[in-house]
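Structure assessment
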Amino acid sequence: MMKSFTYHQPTEIIFGSGKVNEVGEVVKKYGTRCLVVTTPAVEATLPMYNKVKQLLEDAGISVAHYDQVIPNPTTEVSAEGAKMAIEHRADVILGLGGGSSMDAAKAIAVEASHEGSAWDYLFYKKPPTEKTLPIVSISSTSGTGSQVTQVSVITNTEERDKSALYHPLIFPDACIVDPELMTTLPRFVTATTGFDVFCHAFESAIHPNRGAYVDLLAWEAIEYVAEFLPKVLDEPKNVAYREKMAWADTLAGLCIASAGVTLPHGMGMAIGGMYPHVAHGESLAIVYPACTRFTADAAPEQYGRMAQLFDPELKGLSMEEASKHAESAVIKFLKKIGLYKKLSDVNVPEAEIEALAEQCMVLPDYESNPKVATKAEMIELVKASY
């Protein structure tokens, strides 16, 4: 019998090369005073930022630019951005860039229209209200899927905690996914965000909230990552390869918006919260081998299928037999994309292993894993990743 499911996606998706040129008419549906939210400009991003702002101004939109977003955006980032939004009297927020910029835009849309800090509106605290400003997203990476999710990940540096706002009101009203914007991404960013696409899709495929629609989207995304992430790393300016990864990212974002993530993401979020210098996709790469070894026998069909995609030499095996090789298949793929590493390689102190394990159990993601780790098992998972 088919598993029952509910699926909801309110974001208008505008996908394709050159679609960024439509940003003026898209944003104008929601407001005429726009705060553009980005990371600081560098040589690779400055032309994109200038182009988008000019397109907005040409459409008659008054633009202010908050350009101080950092990787793993913090409560300080959302506070500064909200202050600028209020001063500009912004009536729409545009997140332009990778997941950090889009997540920061969502947090700013809440904080600029509510009392207190964005941190006050985390998923386990009070919900944001209809006062939340409209959000438009333009993704320039293929990784987080934030352009189509109701999630805004944010870090509280004082508490060394990374958590999330999670509410339907912070779904972007519209998103533009233009693969041409992604051709200048550095190799490390391409690799880490691309691996995050796989993680979103695969963890949705093993999540208890999955259904037929999520499975359909998730496995197409996983197949695309297995085939095209190594190719795009070899040919970064190949728009056709970038398009495949951009589509995989969008599919994976749709998956987590409906299903969710599991053990590896709970651990990855903890690493990012305690050690903000570690990129999100990098933290996931670090824990995936250990998480795969821990979980594979609890979901052999999914792990076997994944192992065969990452290592075609396993295709003659049954799914159950292939699942026994899932960890080695993951490691083989991570080596191919240059992300096979340990916590010790990114300067995580060995003395904090137990503290990190405890933080890995703060978010409920690990409870959605096919095999739920105890505290002792979580400590072993962190040790195995060290």
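For the structure, check the block above.
Residues numbered from 1 in each chain as written. Predicted model: local features only at pLDDT ≥ 70, side-chain atom pairs only at ≥ 80, totals over all residues. Heavy atoms only, no water.

To continue, consider the nonpolar core. Membership of the largest hydrophobic core comes to 52 residues, with the highest contact counts inside it found for F195, F198, F202 and M306. Of all the elements in the fold, those that place two or more residues in this core are β8 (174-177), α5 (187-205), α6 (212-234), α7 (239-258), α9 (280-295), α10 (300-310) and α12 (326-336). Ranked by the residues each element gives to this core, the list is headed by α6, at twelve residues. If near-sequence neighbours (up to four positions away) are discounted, F195 is found in contact with L229, G281, L284, A285, Y288, F333, L334, I337 and L339. Grouped together as the second largest cluster of nonpolar side chains are 26 residues, A90, I93, A107 and A112 included. (Core = buried A, V, L, I, M, F, W, Y, C linked by side-chain atoms within 4.5 Å. Buried < 20%, exposed > 50% of the residue type's maximum accessible area, 1.4 Å probe, protein only. Helix = DSSP H or I, 4+ residues; strand = E, 2+ residues; numbered from the N terminus. Contact = heavy atoms within 4.5 Å.)

With that out of the way, let us pick up the environment of P186. Tracing the backbone shows P186 in the loop between β8 and α5. The spacing of P186 and M269 is 83 residues in sequence and 23 Å in space, taken between C-alpha atoms.

Let us now look at a nonpolar patch on the surface. Together, M2, F5, Y213 and L216 make up a nonpolar patch on the protein surface, roughly 450 Å² of accessible area in all. Here F5 lies in the segment before β1 (12-15). Exposure remark for F5: the relative accessible area of 40% places this residue in the partly exposed category. (Patch = residues over 30% accessible without salt bridge, like charges linked within 9 Å, V, L, I, M, F, W, Y side chains within 5 Å. Areas by Shrake-Rupley, 256 points an atom, 1.4 Å probe, with all protein chains shown as cover. Salt bridge = Lys/Arg side-chain N within 4 Å of Asp/Glu carboxyl O.)

Picture a little ball the size of a water molecule; that probe, rolled over the atoms, points out where space is still empty. Overall, the coordinates contain two cavities of 30 Å³ or more when judged by the stated rule. What the largest cavity holds in volume is close to 40 Å³. Among the elements of the structure, α5, α6 and α7 are those that each provide at least two residues to the lining of the largest cavity. Residue contributions to the lining of the largest cavity peak at three residues, all from α5. Residue composition of the lining of the largest cavity, grouped by class: four nonpolar, five polar and one charged. Taken as a whole, the second largest cavity spans an internal volume of roughly 30 Å³. Lining the second largest cavity, in full, are P73, T74, V77, S78, D103, A104, A107, S152, V153 and I154. For the lining of the second largest cavity, the elements supplying multiple residues, two or more each, are α3 (75-88), α4 (99-111) and β6 (151-156). By residue class, the composition of the lining of the second largest cavity is six nonpolar, three polar and one charged. (1 Å grid on protein atoms, 1.4 Å probe; cavity = no way out; pocket = protein on both sides within 12 Å on 5 of 7 lines; lining within 4 Å. Points joined across faces, edges and corners; volume = space filled by probe spheres on them. Nonpolar A, V, L, I, M, F, W, Y, C, P; charged D, E, K, R; others polar.)

Our focus in this paragraph is α9. The end-to-end C-alpha separation of α9 is 21 Å, in line with the 22 Å expected for 16 residues at 1.5 Å each. The principal kink in α9, of about 40°, is found at Y288, preceding the proline P289 by one to four residues. (Expected span 1.5 Å × (residues − 1). Bend = angle between axes of the 7 residues up to and from the residue.)

By the element assignment, L343 lies in the loop between α12 and α13 (353-359). With 158 residues separating them in the primary sequence, L343 and L185 have C-alpha atoms 25 Å apart. Leave out the neighbours within four places in its chain, and L343 touches I271, I286, V348, L356, V382, S385 and Y386.

Once that is clear, we can look at the state of the cysteines. What the rule picks out here adds up to zero disulfides. No disulfide involves C255; its sulfur sits 13 Å from that of C199, the nearest cysteine. Summary of cysteine pairing: C291 is not part of a disulfide, and the nearest cysteine sulfur, belonging to C360, is at 8.4 Å. (Disulfide = S-S within 2.5 Å.)

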